[in-house]
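An overview of the molecular structure
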Amino acid sequence: MTEAGPAAATSDSLWERDEEVAVVVRAVDALCADGSSSGGLLVFRGEAGLGKTALLAETRRIAEDRGCTVWSARGGETLRSVPFNVVRQLLQPALVSLLPEEAREYLGDWYDVAGPALGIADPGGRQPDPQGVCDGLVAAVRRLAKRDWPLVLLIDDAHWADQETLHWLAAFAERLDDLSVLVVVARRPGEATGESARHLDTVSAAAGRPENTLSALTPGATAGITRATIGAHADAPFCREVWAVTGGNPYETVELLAKVRDSELEPTENSAGELRALNRSARGGGLVARLEGLGIDATRFAWAAAILGTAISVDLVAQLATMGHDDAARCAALLRSARILTAPAQAHGRPDGGDLEFVHPLIATAVYNSIPDALRTAMHGIAARIVTDSGLGAAAASRHLLQVHPDDDAELVDQLRDAAREHLAVGAPDAARRCLERALDEPPRPDAHARVLYELGCATLLTAPATTIGHLQTALAMPGLDGPARVDAVFRLSQALLHNDQLEQAVRTVEAEAARHEEGPARMRLRAVQYMWEGIHAGEAATPGRSERLADLARTCTGRDNSERALLILRGFDAMTHGENAEEVVELCDRALVNGRLAPGLGWTDTEWGVELLMMLGSSYAYADRLDRAENLFAEALRTYTTAGWSGGHLALANAFLGLAFRRQGRLKDAETVLRESLRLAERVGRGLPLYWSATCGLIDTLLARGHVEEAWATAENYGFTPPYPSTIVLPDTRSVRGRLLLAAGRTEEGINELEAAEKAAAARGGHNPVLAPWSVDLAVALAGEDPVRAGRLATDARRQAERFGTDTAIGEALRCAAALETGQRKVRLAAQAATYLEASPCQYEHAAARIEYGLVARSAAELNRGLTLARSCGADGLATRARQGLAELEG
């Protein structure tokens, strides 16, 4: 850049930013060209003072000149603990223009999910899922963006945005392909850590291009700014010293030149030595000294403004600084003239109606840090009271309460607990956690200490299981947690242990607590939870005799309350996994329902029992050939979680188990669709969890059924479908599916080894259901050539177990296995029997396979055509190909 001014710049901070401005112009022009074009994302990265804010202001000017709607927001260093702060700022222009009924119409089903987070709706009765709230915010912005095209979103100081906003921004940035909106983000490098840094990295990756990194000004550009500001007579040595003193930082250059102009310093080589002293007065300790030079009242006013951080109105600052309105107005004018405060810039106007903001975040930080520690703490306490008295609620005051020194204040503990509840109600568990952890530092009174730990454990259950374990174990060891709350704490502790891969300890925890109680509802619930965790354990060696004890207990249950209903479900699931009579399994499950529906308190979003219990219920129906009931249950789960905005692990599980029901029915295309969605959601929660295994295993099983072996193998490779397997039961059975995959891929020896491992695992569990874990059928067919004796024994055992279980599917599959090992007319008879049984089964894929196999051995075109029709309706491409080949051979 030469010393001539920037061609399109309207600010000194835009010198040598032609390239960045050109990037903005191209992006805005692309946005305005076509309302159906995909969205754009620009990320500008640079250290403090390099002109990021000026570049966003120029982006606003360019966009508005082209008729765009522009919404903007800015992060704040002292506001990072305020959940949804930045996204609320961003949407404020759209929200204030809508009447409540219009907002509900625009947001639709997402209104009740995202509305509380945006502050436009009251929280609902149940605690929302944070991932669901994030998805609701994505949907809200998408719908509003379509209304206001062409729309540009500006986010300044994103490194200081709250974590909830960054979670939304990362999700939104990944979904811009079909939305015509331009998002421009400015951030400093290295300021964000942990989850916030991860979200910002996701945003940068979604941009699909390298970040635009701003650099310092060259000496030539600095000279150009100097002469444009104080006159063309500024000589070269003076200009060079300006660059040396400021390091080419545009903000520092502008501030220094303002001081030069105010001091009437002659811009010559002789006075260049005074520039360093002037520069020090514009930053750090020099800024503080300059502030103090304005007087004690102005200093108090600036301190109060720094404490507030946002909503800096003269009246509010006057209250916090304990001064009259006239004095406050005079101080505000003085600080504006000193370039410490200014009127809010349009590019990052606040939704809170503030009159003032700091000229630059560097000034805000310097002023805040200059407040003596004790006074800063006291001022935060006063600010919390002012916010509370104004009716904004405990959550709004909590960011100030977090800064108050611990002082054994029971009232402050109550305020923080109230704030935590408000944060949880809008889907901000991290904010709730911070409040409760601060309450523990106070500390709480002895009679409330255990309750605070319990509430903290509930807040961190899904986000930090290991931390939750410590909080709940400590709470349970203290007095003050009794009755239903203690039982619930034990249940949540066992859940945290389960999610932390400590299933054995989870079982022992509820077992020990149950022993402390007399017979009654509490003990019944705890025993049911114990059996539930034991029931989903992949191995049963640690709990011998469990099934017998559970059966004895279930015999006394009539389903009069939810504890008894839970035991009936657990007994039904246990009987199903062990291959006991399917009619008895269904009868046990039916007794757990009320008029054919889930009982109150046992719904999909009720937290007393957890989702695992209902998944067991639906799975029992699915494998007992009551697929209509299984589908109804899992479809209800999907509807419930979608309506409630629970789009994390719960929705992933609902899709996985609905996919299981579709797979069992033979609706393979539908199964593949929902299982892919389940896997997408499960990946957001985290790889390696049981729900992730369920989605992956179900999808691979479905792809194999469709005959898409290469795709199934690629899926297994991509998603890590290899040992070691999780400690919990996964449906469908992981080893059986892995063994079937290996056989289909031609890796016969490895497939046999995997199926033999499934055999050992089933023996350890006492599992004898050949439909739930079909390893015996596949292993028998795989061994038919090299070990026909063992293959025959396996087929015989499979048929005996199938007849014990008694479903048409189990018996038909066992007959298919037996037919595969035979020859001649016996093979034909067994194949015919298998087709007959499976025709009565609700599992249409298996019926199609049996019908085609019968057609092949009987050389019947009619049977092959029946099988081909069934295979096509199922989406079983491999079976359809096999049938067509058989027909072609017959015709030949």
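Here, every reference points to the structure presented above.
This report concerns the structure included in the present document. If you're wondering where the values come from, they're calculated on a predicted model, not measured in any experiment.

Check the secondary structure of the chain and you find 44 helices and seven strands. Its C-alpha atoms give the chain principal-axis dimensions of about 110 × 75 × 50 Å. Looking at the chain alone, contacts between residues at least 24 apart form 67% of all its contacts between residues at least 6 apart. Total accessible area on the chain stands at roughly 35200 Å², and carbon and sulfur atoms take up 49% of it.

Another aspect to go through is helix α21 (residues 429-441). Over its 13 residues, α21 extends 19 Å from the first C-alpha to the last, a length consistent with the 18 Å expected when each residue adds 1.5 Å. All of the buried residues along α21 are Pro429, Asp430, Ala431, Ala432, Cys435, Leu436, Arg438, Ala439 and Leu440. Buried-residue contacts for α21 involve α6 (130-147), α7 (163-173), α19 (394-401), α20 (410-425) and α22 (446-459).

A side chain of one charge can pair with a side chain of the opposite charge when the charged atoms of the two come close. Taken as a whole, this structure holds 68 salt bridges when the rule is applied. A salt bridge links Glu455 to Arg421; its shortest N-O distance comes to 3.7 Å. Note that Glu455 is positioned in helix α22 and Arg421 in helix α20, a separation of 34 residues in sequence. The partner of Arg486 in a salt bridge is Glu513, with the nearest N and O atoms 2.9 Å apart. Within this pair, whereas Arg486 is found in helix α24 (residues 483-499), its partner Glu513 is found in helix α25 (residues 503-515), the two being separated by 27 residues in sequence. Like Arg486, the residue Glu513 is buried in the burial classification. Beyond isolated ion pairs, a larger network of salt bridges with shared partners links Glu504, Arg508, Glu511, Glu534, Arg546, Arg571, Asp574 and Glu580.

For the pair helix α41 (residues 824-839) and helix α42 (residues 844-858), the least separation of the axes is 8 Å and the interaxial angle reads 155 degrees. By the angle between their axes, α41 is roughly antiparallel relative to α42. Our pair here, α41 against α42, has a crossing hand that is left-handed. When α41 is examined against α42, the residues Lys827, Val828, Ala831, Ala832, Ala834, Ala835, Thr836, Leu838 and Glu839 are found in contact with a partner set consisting of Glu846, His847, Ala850, Arg851, Tyr854, Val857 and Ala858. Taken together, the residues of the contact of α41 with α42 break down into 10 nonpolar, two polar and four charged.

With that out of the way, let us pick up the sheet that holds strand β5 (residues 212-213). Across the sheet, five strands lie side by side as β2-β3-β4-β1-β5; this open sheet has parallel pairing. Of all strands in the sheet, those bounded by a partner on one side alone are β2 (69-74) and β5. Where strand β3 (residues 151-156) lies against strand β4 (residues 181-187), five bridges are found, and the strand directions are parallel. Across the sheet, Leu151 pairs through a bridge with Val181, a residue of β4. Against the sheet, helix α2 (residues 52-65) contacts β1 (40-45), β2, β3 and β4, and its axis sits at roughly 170 degrees relative to β3.

With respect to burial, β1 is a largely interior element, five of its six residues being buried. Inspection of the sheet shows β1 paired to β4 by six bridges, in the parallel sense. Bridge pairing in β4 links Gly40 to Leu182. Relative to β5, β1 runs parallel, the two being bridged by two bridges. Each residue of the ladder has a partner; that of Phe44, found in β5, is Asn212.

Next up on the list: the packing of aromatic side chains. This structure, assessed with the given rule, holds eight aromatic pairs. Each ring, one from Trp168 and one from Phe172, has its centre 5.3 Å from the other, and the planes form 20 degrees; the classification is stacked. Taken as a pair, Trp168 and Phe172 lie in helix α7 at a separation of four residues, close to a single helical turn. Both residues of the pair, Trp168 and Phe172, belong to the buried class. With a centroid separation of 5.5 Å and an interplanar angle of 75 degrees, the aromatic rings of Trp693 and Tyr725 are classed as edge-to-face. Of this pair, Trp693 sits in helix α34 (residues 690-706) while Tyr725 sits in the loop between α35 (709-718) and α36 (734-744), and the two are 32 residues apart along the sequence. Tyr725 matches Trp693 in its accessibility class, with the two residues each being buried. Among the aromatic residues, those joined into a cluster by ring pairs are Trp604, Tyr641 and Trp646. Across from the ring centre of Tyr368, 5.3 Å away, lies the NZ or CZ of Arg376, which sits over that ring.

Before going further, it helps to examine the environment of Ala705. Its location among the elements puts Ala705 in helix α34. By relative accessible area, Ala705 is classed as buried at 5%. Separated by 675 residues in sequence, Ala705 and Ala30 place their C-alpha atoms 45 Å apart. Among residues more than four places away in sequence, those in contact with Ala705 are Arg663, Leu668, Tyr845 and Ala876.

This part covers the pairing of β2. Burial runs high along β2: five of the six residues are buried. When β2 meets β3, the two strands line up parallel, connected through six bridges. The residue bridging Ser72 from the neighbouring strand is Leu154, located in β3.

This paragraph deals with unusual backbone geometry. Note: most residues except glycine have negative phi, and most peptide bonds are trans. For the bond running from Glu442 to Pro443, omega is -5 degrees, close enough to zero to count as cis. Note the cis peptide between Pro723 and Pro724, where omega equals 0 degrees. By secondary structure assignment, the location of Pro724 is in the loop between α35 and α36. Residues other than glycine seldom take positive phi values, yet Asp157 does so here, at roughly 50 degrees. With respect to the helices and strands, Asp157 occurs in the loop between β3 and α7.

A separate point is the side chain of Asn655. With respect to the helices, strands and loops of the structure, Asn655 is situated in helix α32 (residues 649-665). In terms of polar contacts, Asn655 uses its side chain to reach the backbone carbonyl oxygen of Leu651, at 3.0 Å. Dropping the residues within four chain positions of it, Asn655 is found in contact with Leu638, Val674, Leu675, Glu677, Ser678 and Leu681.

Procedures and definitions
Residue positions are counted from 1 within each chain, in the order its sequence is given. A pLDDT threshold of at least 70 governs which residues receive local features in this predicted model, and a stricter bar of 80 or more applies before side-chain atom pairs are shown or counted, although totals over entire chains, interfaces and linings include all residues. Each side-chain value is worked out from all heavy atoms of the structure, with water and hydrogens disregarded. Note on conventions: DSSP H or I runs of at least 4 residues are helices, E runs of at least 2 residues are strands, and numbering of each starts at the N terminus. What makes two residues a contact is simply this: any of their non-hydrogen atoms within 4.5 Å. Surface accessibility in these figures is a Shrake-Rupley result with a 1.4 Å probe; residues are shielded only by whichever protein chains are displayed. A helix is expected to span 1.5 Å multiplied by its residue count minus one. Accessibility here uses a 1.4 Å probe with only protein chains present; expressed as a share of the type maximum, an area under 20% marks a residue as buried, one over 50% as exposed, and anything in between as partly exposed. Whenever a carboxyl oxygen of Asp or Glu lies within 4 Å of a side-chain nitrogen of Lys or Arg, that contact is scored as a salt bridge. In this description, a line fitted to the C-alpha atoms serves as the axis of each element, helices being fitted only across the stretch in contact, and the angle between N-to-C directions of two axes falls anywhere from 0 to 180 degrees. Every angle not falling under 35 degrees, over 145, or within 65 to 115 is termed oblique; those three ranges are roughly parallel, roughly antiparallel and roughly perpendicular. Each crossing gets its handedness from the near helix: less than a right angle anticlockwise from the far helix is left-handed, clockwise is right-handed. Gly is put with the polar residues, along with every residue not named as nonpolar or charged; the nonpolar set is Ala, Val, Leu, Ile, Met, Phe, Trp, Tyr, Cys and Pro, and the charged set is Asp, Glu, Lys and Arg. Two strands qualify as a pair provided DSSP detects at least 2 bridges between them. Planes of paired rings set the category: under 30 degrees apart is stacked, over 60 is edge-to-face and the rest tilted, where pairs are Phe, Tyr or Trp rings (Trp by its six-membered ring) whose centres lie within 6.5 Å. Throughout this description, the term charge over a ring refers to an Arg CZ or Lys NZ atom that lies within 6 Å of the ring centre and within 35 degrees of the ring normal. Definition of a polar contact: a pair of N or O atoms within 3.5 Å, with one able to donate and the other able to accept a hydrogen when the atoms are protein atoms, and with sequence-neighbouring residues admitted only if both atoms are side-chain atoms.

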